[in-house]
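Understanding the architecture of this molecule
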Amino acid sequence: MIQLSIPLFPADDGGLLIPADHVTALLRRLAEDWVHATETGEMPADEETVSELADVLTELADQIDVECIGCASE
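Residues numbered from 1 in each chain as written. Predicted model: local features only at pLDDT ≥ 70, side-chain atom pairs only at ≥ 80, totals over all residues. Heavy atoms only, no water.

Focus on the side chain of threonine 38
In plain terms, the rule: Every helix listed is a DSSP run of H or I at least four residues long, and every strand listed is a run of E at least two residues long, numbered separately from the N terminus. Residues are treated as being in contact if the distance between any of their heavy atoms lies within 4.5 Å.
Along the chain, threonine 38 falls in helix H1 (residues 20-39). Setting aside residues up to four positions removed in sequence, threonine 38 forms contacts with Met43, Ala45, Asp46, Glu47 and Val50.

Points about the side chain of threonine 24
Formally: Three labels apply to residues, based on accessible area from a 1.4 Å probe with only protein chains included: buried if under 20% of the type maximum, exposed if over 50%, partly exposed otherwise in between. Pairing of N or O atoms within 3.5 Å defines a polar contact, subject to two protein rules: one partner must be a possible hydrogen donor and the other a possible acceptor, and residues neighboring in sequence count only if both atoms are side-chain atoms.
With respect to the helices and strands, the residue threonine 24 is situated in helix H1. According to the relative accessible area criterion, threonine 24 is buried, its value standing at 4%. Side-chain polar atoms of threonine 24 contact the backbone oxygen of aspartate 21, separated by 3.1 Å. In this view, threonine 24 contacts Ala61, Ile64 and Asp65; residues no more than four positions away in its chain are not counted.

A closer look at helix H2 (residues 47-73)
To keep things clear, this is the line we draw: The span expected for a helix works out to 1.5 Å for each residue beyond the first.
A rise of 1.5 Å per residue sets the reference length of H2, with its 27 residues, at 39 Å; its end C-alpha atoms lie 39 Å apart and thus fit the reference within 8%. When H2 is considered as a whole, its buried residues turn out to be Val50, Ala54, Leu57 and Ala61. Looking at the buried residues of H2, the elements they touch are H1.

Observations concerning a negative patch on the surface
What counts, and what does not: Patch membership needs two things, relative accessible area over 30% and no salt bridge, and members are linked within 9 Å if like-charged or within 5 Å if nonpolar (Val, Leu, Ile, Met, Phe, Trp, Tyr). For the accessible areas, the method is Shrake-Rupley and the probe is 1.4 Å, while residue cover comes only from the protein chains on display. Between Lys or Arg on one side and Asp or Glu on the other, a salt bridge is scored when a side-chain nitrogen of the former is within 4 Å of a carboxyl oxygen of the latter. His is not counted, nor are the chain ends, whereas Lys and Arg count as positive and Asp and Glu as negative. Throughout, a charge is located at the NZ atom of Lys, the CZ atom of Arg, the CG atom of Asp or the CD atom of Glu.
On the surface, a cluster of negative charge is made up of Glu39, Asp46, Glu47, Glu48, Glu52, Asp55 and Glu59. Note that glutamate 47 resides in helix H2.

Below you can see the structure in the form of structure tokens.
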């Protein structure tokens with residue numbers, strides 16, 4: 001199991017913010033770990049289902065990247 005350190009930044013409203021690049025990296029890493037664990041038999045699950053779920057996480061990370069690029073270019 002991996003351990004990650006993610007920086008948190010206080011928001012003006014008292015909430016906490018996480019840098020988008022850390023969120024997208026986490027989503028992609030989780031997707032990779034699911035696929036690897038299924039392929040090695042570490043996680044007994046249907047490979048096709050896990051692959052599709054991993055694709056959803058990767059697509060979400062891609063969407064976040066695109067939105068961030070759009071915000072940064074404005």
